[in-house]
Amino acid sequence: MTDRLITCAAWSVLAAIVAVTMSPIGLRPDDIFSVDLDRALAFMVVVMLFVLSYPRHFLVCAVLLVAGAGFIELLQFLSPTRHPHMEDALVKAAGAATGAIVGWIINRLRHRPKLA
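Residues numbered from 1 in each chain as written. Predicted model: local features only at pLDDT ≥ 70, side-chain atom pairs only at ≥ 80, totals over all residues. Heavy atoms only, no water.

(A) Representation of the overall build of the protein chain. Of the regular secondary structure elements, the protein chain holds four helices and zero strands. Reading the protein chain from its N end, one meets helices and strands in the order α-α-α-α. Taken over the C-alpha atoms alone, the protein chain extends approximately 60 × 25 × 25 Å along its principal axes. Looking at the protein chain as a whole, 36% of its 116 residues qualify as buried. Of the contacts formed within the protein chain by residues at least 6 apart in sequence, a portion of 76% connects residues at least 24 apart. A gap of 16 Å separates the mean positions of the 10 positive and 8 negative side-chain charges of the protein chain. (Helix = DSSP H or I, 4+ residues; strand = E, 2+ residues; numbered from the N terminus. Buried < 20%, exposed > 50% of the residue type's maximum accessible area, 1.4 Å probe, protein only. Contact = heavy atoms within 4.5 Å. Lys, Arg positive; Asp, Glu negative; His and termini not counted. Charge placed at Lys NZ, Arg CZ, Asp CG, Glu CD.)

Here it is in structure tokens:
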């Protein structure tokens, strides 16, 4: 049940990130973090959730979502009020890479054999 909830959360967070990225700048949610920290944390969380959801596919999740960070940034070319920047893509990719590592560590701790 927990694994299914994590998987649902991963896909939901990814959908939310794409929606926020593609929405007009005026609809972007405000929070207490700086813009770069906000971007990095969002991608860290989504990649960590995907790695937790698909532990056997850690590398695929990591590569696809780090590359996906750049692709999602490029989607902003489709919105007249948004402006994609390489720096933003790199911040998102760094957050994604961090999330992959954190997810991998959590999976290692969750699935290690118990000592008798």
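On we go.
(B) Seen up close, the environment of valine 46. As for its placement among the helices and strands, valine 46 is situated in helix α2 (residues 35-53). On the accessibility criterion, valine 46 (0% relative accessible area) is buried. Linking valine 46 and alanine 16, residues 30 residues apart in sequence, is a C-alpha distance of 10.0 Å.

(C) Quick peek at the environment of alanine 42. Its location among the elements puts alanine 42 in helix α2. Owing to a relative accessible area of 28%, alanine 42 belongs among the partly exposed residues under this scheme. Sequence separation between alanine 42 and leucine 14 is 28 residues, and the spatial gap between their C-alpha atoms is 8.9 Å.

(D) Local environment of helix α1 (residues 2-22). Compared with the 30 Å implied by 1.5 Å per residue over 21 residues, the 30 Å span of α1 between its first and last C-alpha is a close match. Structurally, α1 contributes buried residues whose contacts are with α2, α3 (58-74) and α4 (86-110). (Expected span 1.5 Å × (residues − 1).)

(E) Examining the pattern of salt bridges more closely. For the structure on display, the rule yields four salt bridges. Its salt-bridge partner being arginine 110, residue aspartate 3 comes within 3.0 Å of it at the nearest N-O pair. Here arginine 110 lies in helix α4 and aspartate 3 lies in helix α1, a separation of 107 residues in the sequence. According to the relative accessible area criterion, arginine 110 is partly exposed, its value standing at 33%. Arginine 39 is the partner of aspartate 88 in a salt bridge, and the nearest nitrogen-oxygen pair spans 2.9 Å. Linking aspartate 88 in helix α4 with arginine 39 in helix α2, this pair joins segments that are 49 residues apart in sequence. By the burial criterion, aspartate 88 is buried, and arginine 39 matches it. Each of Asp36, Arg39 and Asp88 takes part in a single network of salt bridges with overlapping partners. (Salt bridge = Lys/Arg side-chain N within 4 Å of Asp/Glu carboxyl O.)

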